[in-house]
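This is what each chain is made of:
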Amino acid sequence: GLLDATGLGIGAIIGAGIFVVFGIAAGVAGPGVILSILVAGIVSSFTAYSYIKLSSTITKTGGPYAYAEAVISPFAGFVTGWMWVFENIVTGATVSLGMANYVVSLFPQLPMVPVAILFPLLLTGLNVVGVKESSILNALLNFLKLSALFLFIAIGLGHLNFAYYGPLMPNGIEGVFRGAALIFFAFIGFGRAPTAAEEIRDPARTIPRSIILALSLSAVIYMLTGFVAIGLENYEALAQSGAPIADATEHGIRIFWLKILVSFGGVAATLSVLLTTLIGVSRVSYAMARDTKLPRFLARVHNKYHTPHSAIIFTGVATAIFPLIGDIQQTASVTNFGALFVYSIVNLSAIFLMKKNALSSSGRIIPSLIGFASCILLMLFLGWKSWAIGIIWICLLYTSDAADE
């Protein structure tokens, strides 16, 4: 239903982006990271428009993969799905590392990497049991993290140090756009609901409405959270923190119970994103395998739970492995490259769809054109390593049996 689908979007959006990657982006943009959030939100809104156009017409499980396949070509769908699966596996690793930072801030005696590996495996088991059970847990986690953020904003507004807001753009406008390219990670979950379209009631109506609600609510919360966090702690200190919102609470507000609550909120937020990421990537893998674009074993459905258990287990284990080989900044940058690549194709798919349906003359095509151009622009502000890894992954496509078929 609409509430669950919106919750799936909010669960996927509000997480490691604002609780962890915000600090990295602040180190690049300075106090201007608030503007970076605004830029990333605007870019997301244009792509969300394309999602809405596509999801109201194409209600097949698979999200971007299904759109590109149906509107552009089967090969375009395969390329999109290939990058989507990779991007979401790396997203899960980034979120796992972010969650481990907040867990360790609460329990310093725990080792970080084993924590980052354990939780994807636990959530994989829950995901196998069923999407309804996952949705109930997601609703609880959303309540916890939103409560923590609302208290952080409400109490933090009374403790702001306005000296921290200047200079606004220490690295110029380039720093703001580089920050936007990083903090875009905080918005990429708004397309999560379409990946499970066949498990949503009346998807042609429910999915567009859920995207609008989830993205709008999250953008407002992000702007307020970013404004307060910058006013509580020097941006250079936030850049060095693995748990910037908790540290801003500790140093700027100095209320112990609130710091603990925000830390638990960080755990809940990253846990919910990890849960919804596993739901999304497993469904796209399942949809591609069902169409013989990935190995057929990934299309198996559990006899008892009626979930794509092979795809869930495969992607869950892959997600658990990645925290062993990357840090948060690098994995977030690679994730953003993959997300912006996929969203570029989503915008192109919307343009193709509207041209096919003779809607381009009314000007409805313009937001999708802007969405495509803005995604490409943000990609240019990502580091060369992200481009190299992304290009290598695309090149691997040409060596796969699925691509040959």
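As a reminder, the structure under discussion sits directly above these lines.
It should be emphasised that the depicted structure is a prediction, and the values quoted were computed from it without experimental measurement.

Thresholds applied
Residues numbered from 1 in each chain as written. Predicted model: local features only at pLDDT ≥ 70, side-chain atom pairs only at ≥ 80, totals over all residues. Heavy atoms only, no water. Helix = DSSP H or I, 4+ residues; strand = E, 2+ residues; numbered from the N terminus. Rg over C-alpha atoms; globule rule 2.2 N^0.38 Å. Buried < 20%, exposed > 50% of the residue type's maximum accessible area, 1.4 Å probe, protein only. Contact = heavy atoms within 4.5 Å. Axes fitted to C-alpha atoms, helices over the stretch in contact; angles between N-to-C directions. Parallel < 35°, antiparallel > 145°, perpendicular 65-115°, else oblique. Left-handed = near helix turned anticlockwise from the far one by under 90°. Nonpolar A, V, L, I, M, F, W, Y, C, P; charged D, E, K, R; others polar. Salt bridge = Lys/Arg side-chain N within 4 Å of Asp/Glu carboxyl O. Phe/Tyr/Trp six-rings, centres within 6.5 Å; stacked < 30°, edge-to-face > 60°. 1 Å grid on protein atoms, 1.4 Å probe; cavity = no way out; pocket = protein on both sides within 12 Å on 5 of 7 lines; lining within 4 Å. Points joined across faces, edges and corners; volume = space filled by probe spheres on them. Expected span 1.5 Å × (residues − 1).

With respect to the overall build of the protein chain
When its secondary structure is counted, the protein chain shows 17 helices and 0 strands. Over its C-alpha trace the protein chain gives a radius of gyration of 20 Å, about what one expects of a compact globule, namely 22 Å for 405 residues. If you line up the protein chain on its principal axes, its C-alpha atoms span 60 × 50 × 40 Å. The buried share of the protein chain, taken over its 405 residues, is 60%. Sequence-distant contacts in the protein chain: of pairs separated by 6 or more residues, those separated by 24 or more amount to 83%.

Considerations on the packing of helix H9 (residues 203-232) against helix H11 (residues 244-253)
The contact between H9 and H11 brings their axes to 8 Å, and the two run at 50°. As judged from the angle between their axes, H9 and H11 are oblique. Our pair here, H9 against H11, has a crossing hand that is left-handed. Of the residues in H11, those in contact with Thr 225, Ala 229 and Leu 232 of H9 are Ile 245, Ala 248, His 251, Gly 252 and Ile 253. Residue composition of the contact of H9 with H11, by class: 5 nonpolar, 3 polar and no charged.

Notes on the pattern of salt bridges
Scanning the model with the defined rule gives 2 salt bridges in all. Across the salt bridge formed by Glu 69 and Lys 293, the nearest N and O atoms sit 3.3 Å from each other. Note that Glu 69 is positioned in helix H4 (residues 64-71) and Lys 293 in the loop between helix H12 (256-290) and helix H13 (309-321), a separation of 224 residues in sequence. For the pair Glu 69 and Lys 293, a shared accessibility class is recorded, and that class is buried.

Some words on the packing of aromatic side chains
Going through the model one piece at a time under the given rule, you end up with 15 aromatic pairs. Arranged with centres 4.8 Å apart and planes meeting at 20°, the rings of Trp 82 and Trp 393 form a pair that is stacked. In this pair, Trp 82 is assigned in helix H5 (residues 74-106) and Trp 393 in helix H16 (residues 384-397), connecting sequence segments 311 residues apart. Residue class for Trp 82 comes out buried when judged on its relative accessible area of 13%. Here the aromatic rings of Phe 162 and Tyr 165 are separated by 5.7 Å at their centres, their planes lie at 35°, and the arrangement is tilted. Assessed through its relative accessible area of 58%, Phe 162 is described here as exposed. Note on Tyr 165: relative accessible area 14%, which makes it buried.

Quick look at empty space enclosed by the protein
This model, assessed by the stated rule, comprises 1 cavity of 30 Å³ or more. When its volume is computed, the largest cavity comes out at roughly 50 Å³. Around the largest cavity sit Ala 12, Ile 13, Ala 16, Gly 17, Thr 91, Val 95, Phe 185, Ala 186, Ile 188, Gly 189, Arg 192 and Val 273, which together line it. Secondary structure elements with two or more residues in the lining of the largest cavity: helix H1 (2-13), helix H2 (16-29) and H5. In the lining of the largest cavity, the residues fall into 8 nonpolar, 3 polar and 1 charged.

Describing helix H8 (residues 172-183)
When the terminal C-alpha atoms of H8 are compared, their 17 Å separation across 12 residues agrees well with the 16 Å that a helix rising 1.5 Å per residue should span. Among the residues making up H8, those that are buried are Gly 175, Val 176, Gly 179, Ala 180, Ala 181, Leu 182 and Ile 183. Along its buried surface, H8 packs onto H2, helix H3 (33-55), helix H14 (328-356) and helix H15 (366-379).

What to know about H13
Here H13 is 13 residues long and its end C-alpha atoms lie 18 Å apart, about the 18 Å a rise of 1.5 Å per residue gives. All of the buried residues in H13 are His 309, Ser 310, Ala 311, Ile 312, Thr 315, Gly 316, Ala 318, Thr 319 and Ala 320. On its buried face, H13 is in contact with H5, helix H6 (112-129) and H12.

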